[in-house]
Amino acid sequence: MATLPQIAVLGAGIFVKTQYIPRLAEISHLFCLKYIWSRSEESSRRAVEIAKQHFPGVECKWGDQGLNDIMQDSSLIGTAVVLAGQVQVDISLKLLKAGKHVIQEKPAATSIPEIETALASYKSVSTNPGQPIWAVAENYRFEPAFVESKKLVAGVGDMMNVQVIIEGSMNSSNPYFSSSWRRNFEVCFILDMGVHFIAGLRMIVGCEVTSVSAITSHIDRTLPPPDIISSNFKLENGCSGVFVMVVSSSSPKIIWRVVGSKGTVQVERGKVDGKHGYLVSLYSADGQCKSTFHPFCGVHEELKIFIHDIVQANLKQGNGYEAEPRSSFVEGARDVAVLEAMLESGSKGGTLVNVKKF
């Protein structure tokens, strides 16, 4: 029987405890979880206590020494970096230089300059047997709803207009509302939340956003500014669209809608039979509507594919293995670039801003 690949999780916050550990448990036959690291011993031990229900052999690591131990452990081939957005790139690059494959939580970076520096540093990383994989965990690209929608959009004729309407629920009842690193983010919740919705947009339309013109505002004083963004955008295929995001709304709603000359595709977040997910609807030219509900499973899928990729990359011993492109750091960088262009435009009163290309 082949030896299972060993991985570590760096981070012990809400998302690790509520999503990573349960989703990793669903694919525990594919790998061995060796460590959970955090800045503090207490935080690491709390997460390990939860993880031991599924991974009895998992160990605690914490602080600088614990991080150094992980980087020097030659039995470890993969790491999941689930930390504050401000430190993720730095930690990821340290692990990559130590020869570890990395899947890093979104956002890919906090700004265009950080992306450019990160890509230059990654390009210089060359270990034996080859360059490690740097993936960004953008689960929306792995949700079956968006995979299906992309296929449906190809059949609705010429793209006429695109609408993305996000009315979020980031209020005091949300577990991430008091997250200190998100509140200390230069562009706070707009970037951390918004990359998901831009990823969904780019996935569905199958092309890039080239330019934007946006207005931003700050209404909810319990949230850091800005908390509202309204943007026109243009796609590289010439189609125009609108992106509206309200961080906290009393009536949450999340919709992507692509209007074509022969029909319309809509993706709406919702709940069916107690399961959260997305309702994908195809409205045909004859007035008929066909809908399919897809429960959430993007985190499960992205982690399963990452494990597959690192195993295959190790087997290929650096001989040109191509990892899943939807997970690439560059894809995550493109999401950030669209939002940063919108925020820049908003700060300039709606000036047209071209989106940085990666």
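Reading the values: the criteria
- Residues numbered from 1 in each chain as written.
- Predicted model: local features only at pLDDT ≥ 70, side-chain atom pairs only at ≥ 80, totals over all residues.
- Heavy atoms only, no water.
- Pairing = 2+ DSSP bridges.
- Helix = DSSP H or I, 4+ residues; strand = E, 2+ residues; numbered from the N terminus.
- Axes fitted to C-alpha atoms, helices over the stretch in contact; angles between N-to-C directions.
- Buried < 20%, exposed > 50% of the residue type's maximum accessible area, 1.4 Å probe, protein only.
- Arc of directions from axis to C-beta.
- Contact = heavy atoms within 4.5 Å.
- Right-handed = clockwise from strand over helix to strand, strands pointing away.
- Phe/Tyr/Trp six-rings, centres within 6.5 Å; stacked < 30°, edge-to-face > 60°.
- 1 Å grid on protein atoms, 1.4 Å probe; cavity = no way out; pocket = protein on both sides within 12 Å on 5 of 7 lines; lining within 4 Å.
- Points joined across faces, edges and corners; volume = space filled by probe spheres on them.
- Nonpolar A, V, L, I, M, F, W, Y, C, P; charged D, E, K, R; others polar.
- Domains from an automatic or database assignment.
- Buried area = accessible area lost by both parts, 1.4 Å probe.
- Salt bridge = Lys/Arg side-chain N within 4 Å of Asp/Glu carboxyl O.
- Polar contact = N/O pair within 3.5 Å; in protein donor to acceptor, adjacent residues only side chain to side chain.

## Looking at the sheet that holds strand β6 (residues 134-137)
Next, step 1: Spatial ordering of the open sheet is given by β3-β2-β1-β4-β5-β6, a layout of six strands whose pairing is parallel. Each end of this open sheet is capped by a strand with a single partner; those strands are β3 (59-62) and β6. Adjacent strand axes in the sheet meet at a mean angle of 25°, parallel and antiparallel pairs treated alike.
Next, step 2: Pairing of strand β4 (residues 76-81) with strand β5 (residues 101-105) involves four bridges; the strand directions are parallel.

## Things to note about helix α2 (residues 41-51)
Next, step 1: Residues Ser-43, Ser-44, Ala-47, Val-48 and Ala-51 constitute the buried set of α2. The arc that holds the buried residues of α2, viewed along the axis, is 130°, so those residues lie on one side. Relative to its buried face, α2 has exposed residues pointing more than 90 degrees away, namely Glu-42 and Glu-49.

## Some details on the sheet that holds strand β14 (residues 289-295)
Next, step 1: With respect to topology, nine strands assemble into an open sheet ordered β14-β13-β12-β11-β7-β10-β9-β8-β15, the strand pairing being mixed. Across the chains shown, the open sheet's two edge strands, defined by having one partner strand only, are β14 and β15 (353-354).
Next, step 2: Judged from the two bridges that link them, strand β8 (residues 209-217) and β15 form a sheet pairing that is antiparallel. Pairing of Ser-211 across the sheet is with Asn-354, part of β15.
Next, step 3: Here helix α6 (residues 144-153) sits on the sheet and contacts β7 (159-169), β11 (248-260), β12 (263-272), β13 (275-284) and β14; the angle it forms with β13, its principal contact strand, is near 5°.

## Brief notes about the pairing of strand β2 (residues 32-38)
Next, step 1: Of all seven residues in β2, six are buried; the element is thus mostly enclosed.
Next, step 2: Sheet analysis places strand β1 (residues 6-10) next to β2, joined by five bridges and oriented parallel. Residue Leu-10 lies in a different strand from β2, and its bridge partner there is Trp-37.
Next, step 3: Handedness of the β1-helix α1 (residues 14-26)-β2 crossover: right-handed.
Next, step 4: In this sheet, β3 lies alongside β2 in parallel orientation, the contact comprising four bridges. By the bridge assignment for β3, Tyr-35 is matched with Glu-59.
Next, step 5: Following the chain from β2 across α2 to the adjacent parallel β3, one finds a crossover that is right-handed.

## Overview of the packing of aromatic side chains
Next, step 1: Under the defined criterion, the tally for this structure stands at 13 aromatic pairs.
Next, step 2: On the basis of an interplanar angle of 80° and a centroid distance of 5.3 Å, the ring pair of Tyr-122 and Trp-134 is categorised as edge-to-face. Pair noted here: Tyr-122 is in helix α5 (residues 112-124) and Trp-134 is in strand β6, with a separation of twelve residues, a long-range link. Summarising the burial analysis for this pair, Tyr-122 and Trp-134 share the class buried.
Next, step 3: Taking 5.1 Å as the distance between ring centres and 65° as the angle between the ring planes, the aromatic pair formed by Phe-146 and Tyr-278 counts as edge-to-face. Of this pair, Phe-146 sits in helix α6 while Tyr-278 sits in strand β13, and the two are 132 residues apart along the sequence.

## Observations regarding empty space enclosed by the protein
Next, step 1: One pass over the structure, following the stated rule, counts one cavity of 30 Å³ or more.
Next, step 2: The residue inventory of the lining of the largest cavity, partitioned by class, reads seven nonpolar, no polar and no charged.

## Describing helix α3 (residues 63-72)
Next, step 1: All of the buried residues along α3 are Gly-63, Gly-66, Leu-67, Ile-70 and Met-71. Axial view of α3: buried residues confined to an arc of 140°, hence all on one face. The outward face of α3, more than 90 degrees from its buried face, is lined by the exposed residues Asp-64, Gln-65 and Gln-72.
Next, step 2: Against the buried residues of α3 lie β1, β2, β3, β4 and α4 (88-97).

## Points about unusual backbone geometry
Next, step 1: The linkage connecting Lys-106 with the following residue, Pro-107, adopts the cis geometry, with an omega of -5°.
Next, step 2: With an omega dihedral of -10°, the bond running from Pro-225 to Pro-226 counts as a cis peptide bond.
Next, step 3: If you trace the backbone, Pro-226 turns up in the loop between β8 and β9 (228-235).
Next, step 4: At Asp-273, a position not held by glycine, the phi torsion is positive, near 50°.
Next, step 5: Locating Asp-273 in the fold gives a position in the loop between β12 and β13.

## Thoughts on the domain arrangement of the chain
How big an interface is tends to be stated in terms of the accessible area lost upon association of its parts.
Next, step 1: According to the domain assignment, the chain contains domain 1 (6-138 + 299-326) and domain 2 (140-296 + 336-354).
Next, step 2: Considering only the surface of domain 1 that becomes buried against domain 2, Lys-106, Glu-138 and Arg-326 emerge as the three largest contributors, covering 39% of it.
Next, step 3: Between domain 1 and domain 2 we count one salt bridge in total.
Next, step 4: Lys-106 serves as the salt-bridge partner of Asp-192, at 2.8 Å between the closest nitrogen and oxygen.
Next, step 5: For the pair domain 1 and domain 2, the number of links is six residue pairs in polar contact (both at pLDDT 80 or more).
Next, step 6: When contributions to the side of domain 1 that touches domain 2 are tallied by element, the ones reaching two or more residues are α1, α5 and α9 (298-316).
Next, step 7: Residue composition of the side of domain 1 that touches domain 2, grouped by class: eleven nonpolar, five polar and six charged.

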